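Take a look at the letters that make up each chain.
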Amino acid sequence: MSNPKVGFISLGCPKALVDSEQILTRLRSEGYLVSPNYQESDLVVVNTCGFIDAAVEESLDSIGEALAENGKVIVTGCLGARQDEILARHPQVLKITGAHATDEVVDAVHEHLPPAHNPFTSLIPPQGIKLTPQHYAYLKISEGCNHRCSFCIIPSMRGDLVSRPVDDVLQEAEKLAEAGVKELLVVSQDTSAYGLDLRYQSRRWRGREVSSRFYDLAAALGELGIWVRMHYVYPYPHVDEVVSLMAEGKVLPYLDIPFQHADSRILKLMKRPAAAENNLQRIKTWREICPDMTIRSTFIVGFPGETEQEFESLLEFLSEAQMDRVGCFAYSPVKGAAANQFADPVPEQLKQERLERFMAHQAQISADRLQKRVGKTEMVLVDEVVEEGAVARSKADAPEIDGQVFIDGATHLRVGDFVEVELEEADEHDLWARCTSA
Ligand code: SF4
């Protein structure tokens, strides 16, 4: 009997990608094969995203395409929380689950496509199936979120914070490092809140007790001797301790910290975590502790009620904060979000104008900061080798979202190599360099 084949479409953020990896790992361990096209698949799983309306549409279209091309479709992921909407458009789907529902998805696959027992195909790698390149991997440390930001519906889809036990996370990280992963990207909805729901319970790892606190987890990951990059951190005072680990070279001097706005009234309306913190002061403190730190953030302009003065205070914040990498969205209402009911929505054209002003303002700051690195020697990690040379990333660049370092002519390098380079040129986003090591 041949092994049943499952097609898989993974949409959405890195947290959803990790869910996909977990489902695929389970399916592969049970002898299912993963097929790259609809025709050869016996069934298709679509892991959806429901973050903004465009993502909802993309998810619904993908379900429709999978139904048209294959016919047997199981839906999982964030959009699964909105069953009625999916069923209204696609009543033929076999099963709908919410996000982070590996057991339910696997049960549904069993029901509609029973596994064929084959002991050889259960020999999967110990680190599980990964959808990222071999040299980096996302490490999801918790699921859900205790905050209730007024523009976001993630807690209604993914529930409250549920942290993974610290030994479980560290064992996974160890397996990944042993399998050749060179960079771990720590993800969650709120990384700085890690362990709160576990009351910071300790577990044994490498013969000692490790607490499930953000700092202790970061310090333990730092022992693995590979790059560890922190995403989705909020500006709480206890983050200072983790910045000290960055200064000591234990984890990468990089913080992905979604501020979303700078004005205190808007932050309160947004119900942002740590809205009462003085973020400029926090950034100043972090830079005192770790002068080489890269800060990446995202912002929303045109939030309901945002005045011209409040928007300008955001631009001033950018000038003061001097962040390296910044993304920005014009506010768009998400079905079910509290902010949809707020007074004084900003007209669409004004939102777009503010978005453009914001991006132009920050582009200059980002370009100036990159320019200051020209002439320095830095360690980079090779992502790709092409005909013209190698494409790498520095400590300041997360994959997919930040810039790249191009090393012309360095075709002798291999993906996953760490190499020392001298930075020679910069534009507003990327760098060009030459190898200084052999
Ligand atoms: S912190 Fe706010 S934006 Fe982030 S997932 Fe939680 S509720 Fe949503």
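Residues numbered from 1 in each chain as written. Predicted model: local features only at pLDDT ≥ 70, side-chain atom pairs only at ≥ 80, totals over all residues. Heavy atoms only, no water.

### A look at the overall build of the chain
Alright, step 1. Of regular secondary structure, the chain possesses 12 helices and 20 strands.
Alright, step 2. In terms of overall size, the chain behaves like a compact globule, its C-alpha atoms giving a radius of gyration of 23 Å where 438 residues would be expected to give roughly 22 Å.
Alright, step 3. Projecting the C-alpha coordinates of the chain onto the three principal axes gives extents of approximately 65 × 60 × 50 Å.
Alright, step 4. Entry remark: accessible area of the chain is about 19000 Å², with carbon and sulfur atoms responsible for 50%.
Alright, step 5. Measuring between centres, the 44 positive side-chain charges of the chain sit 5 Å from its 67 negative side-chain charges. (Helix = DSSP H or I, 4+ residues; strand = E, 2+ residues; numbered from the N terminus. Rg over C-alpha atoms; globule rule 2.2 N^0.38 Å. Areas by Shrake-Rupley, 256 points an atom, 1.4 Å probe, with all protein chains shown as cover. Lys, Arg positive; Asp, Glu negative; His and termini not counted. Charge placed at Lys NZ, Arg CZ, Asp CG, Glu CD.)

### Section: the site of the ligand
Alright, step 1. Every residue lining the ligand is accounted for by Cys-145, His-147, Cys-149, Phe-151, Cys-152, Ile-154, Pro-155, Gln-189, Tyr-234 and Arg-272.
Alright, step 2. Grouping the constituent residues of the shell around the ligand by class yields seven nonpolar, two polar and one charged. (Near = heavy atom within 4 Å. Nonpolar A, V, L, I, M, F, W, Y, C, P; charged D, E, K, R; others polar.)

### Re unusual backbone geometry
Alright, step 1. Phi angles above zero are rare outside glycine, and Arg-206 is one such case at about 50°.
Alright, step 2. Looking at the element boundaries, Arg-206 is found in the loop between strand 10 (202-205) and strand 11 (208-211).
Alright, step 3. You will see that Asp-344, though not glycine, has its phi angle at about 55°, which is positive.
Alright, step 4. Following the sequence through the fold, Asp-344 ends up in the loop between strand 15 (325-330) and helix 12 (348-371).

### Digging into the environment of Thr-294
Alright, step 1. Take Thr-294: it is sitting in strand 14 (residues 294-301).
Alright, step 2. Along the backbone, Thr-294 and Lys-284 are 10 residues apart, and their C-alpha atoms lie at a distance of 12 Å.
Alright, step 3. Ignoring sequence-local partners within four residues, the contact set of Thr-294 consists of Pro-253, Tyr-254, Leu-255, Asp-324 and Ala-396. (Contact = heavy atoms within 4.5 Å.)

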